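Commentary on secondary and tertiary structure
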Amino acid sequence: MRLKSKLATALLPLALLLAGTSAEARDWAAIKADGKFIAVTEGAFFPFNYFEGAKLTGFEVEVAEAVAKKLGLAIEWRVVPFDAQVASIRQDRFDFAIASHGYTEERAKSVDFTNPHYCTGGQIAAPKDGALTAAALAGKTVAVQLATSYADSAKKIAGVKEIKTYKADPEAFSALKSKKVDAWISDKWLIKATLEKNADAGIVAGEQVFVERVSAIMRKNNKELAEQWNRGLAEVMKDGTYATLSQKYFKTDVSCH
Ligand code: ARG
């Protein structure tokens, strides 16, 4: 996973360069006429969006592709760092972004949220004899990804000594593994999948500190596009595609049921 994330990070400047020169958010008629979405993800949030070698994949990448297929469209993916995504959508540079954005009032000032494609929570992870609860974080250092709801939640925990922010989540996990920080806050499903892959790291999942609903984000008031997305998502949920993907990645149902 570390190697893959390094590859993703290495590719980011190129992707940004390309991203800066083309595409803008279009209305539904323009997208339909083009036959494809131009969509953004990150590629470093296992197992939601990540690289398998050079191939972008993951739960929400596959959900998005299934939704697009229902709508008779393909997806042309663009990779953008997570902390630049809301701005890139606000600036109309892409049709949508899907990279595990939890709904927040702050984000909703600049972008619209579609119906959620999963429900989850922010959770603490730490060494098994370490700071595994919010209360235990007093006087401790915490790693979080930049511009995330985990960073916001860490700020609200009383007594935290220092919040260290990382450009991508795998770097936050690495900081924890190498004991540069005492704890890490991230997505509970991501933590579960990451710890399964790193069983020898001596890290365990602790208290869940908040819950959130995760959606794709789009330019504000692009109404028909949001409606079409929601229609496609509802169909993917109804015909069993979503359930199959949820089992494949998580062995459980991660929908907001
Ligand atoms: N769910 C969190 C949030 O809404 C983090 C999402 C991070 N996504 C990513 N692709 N790194 O802020």
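Below you will find a few notes about this structure. Once a new chain begins, its residue numbering starts again from 1 and follows that chain's sequence as written. Two thresholds apply to this predicted model, a pLDDT of at least 70 for residue-level local features and 80 or more for giving and counting side-chain atom pairs, whereas whole-chain, interface and lining totals are computed over all residues. As a rule here, side-chain values cover all heavy atoms of the structure and leave hydrogens and water aside.

What to know about the site of the ligand
What surrounds the ligand is a group of 14 residues, the closest being Glu42, Gly102, Arg107, Ser149 and Glu212. Asparagine 49 places a polar side-chain atom, nitrogen or oxygen, 3.4 Å from a nitrogen atom of the ligand. With respect to the ligand, the backbone of serine 149 contributes an N or O atom lying 2.7 Å from an oxygen atom. Accessible surface area values rest on a Shrake-Rupley calculation with a 1.4 Å probe, where residue burial reflects the displayed protein chains alone. In isolation the ligand exposes 340 Å². Once the protein is present, 100% of that is buried. At the level of secondary structure, the elements contributing two or more residues to the shell around the ligand comprise strand E6 (96-102) and helix H6 (149-156). Consider each residue's heavy atoms; a residue with any of them within 4 Å of a molecule or strand counts as near. Here a polar contact is recorded for every N or O atom pair within 3.5 Å, except that within protein the pair must consist of a potential hydrogen donor and a potential acceptor, and residues adjacent in sequence are included only if both atoms are side-chain atoms. The numbering of helices and of strands both runs from the N terminus, where a helix is a DSSP run of H or I of at least 4 residues and a strand a run of E of at least 2.

Some words on the packing of aromatic side chains
Only Phe, Tyr and Trp rings take part, Trp by its six-membered ring, and two of them pair if their centres are within 6.5 Å. Stacked means planes under 30 degrees apart, edge-to-face means over 60, and tilted covers everything else. The tally for this structure, following the rule as stated, stands at 18 aromatic pairs. Pairing phenylalanine 37 with phenylalanine 96 gives two aromatic rings, centres 5.1 Å apart and planes at 85°, and the pair type is edge-to-face. Of the two residues, phenylalanine 37 is situated in strand E1 (residues 36-41) and phenylalanine 96 in strand E6; the sequence distance between them amounts to 59 residues. Site record: aromatic cluster; members linked through ring pairs are Phe45, Phe48, Phe59, Tyr118, Trp189, Tyr242, Tyr249 and Phe250.

Things to note about the packing of helix H3 (residues 59-70) against helix H9 (residues 223-238)
Helix axes are fitted to C-alpha atoms over the stretch in contact, other axes to C-alpha atoms as well, and angles between N-to-C directions run from 0 to 180 degrees. H9 packs onto H3 with a crossing angle of 105° between their chain directions and a minimal axis gap of 8 Å. In terms of their interaxial angle, H3 and H9 are classed as roughly perpendicular. Side by side, H3 and H9 meet where Val63, Ala64, Ala66, Val67 and Lys70 of the first sit next to Trp229, Gly232, Leu233, Glu235 and Val236 of the second. Nonpolar residues are Ala, Val, Leu, Ile, Met, Phe, Trp, Tyr, Cys and Pro. Charged residues are Asp, Glu, Lys and Arg, and all others, Gly as well, are polar. Residues of the contact of H3 with H9, tallied by class, amount to 7 nonpolar, 1 polar and 2 charged. Between 65 and 115 degrees an angle is taken as roughly perpendicular, under 35 as roughly parallel, over 145 as roughly antiparallel, and anywhere else as oblique. The contact rule is simple, with two residues in contact once any of their heavy atoms fall within 4.5 Å.

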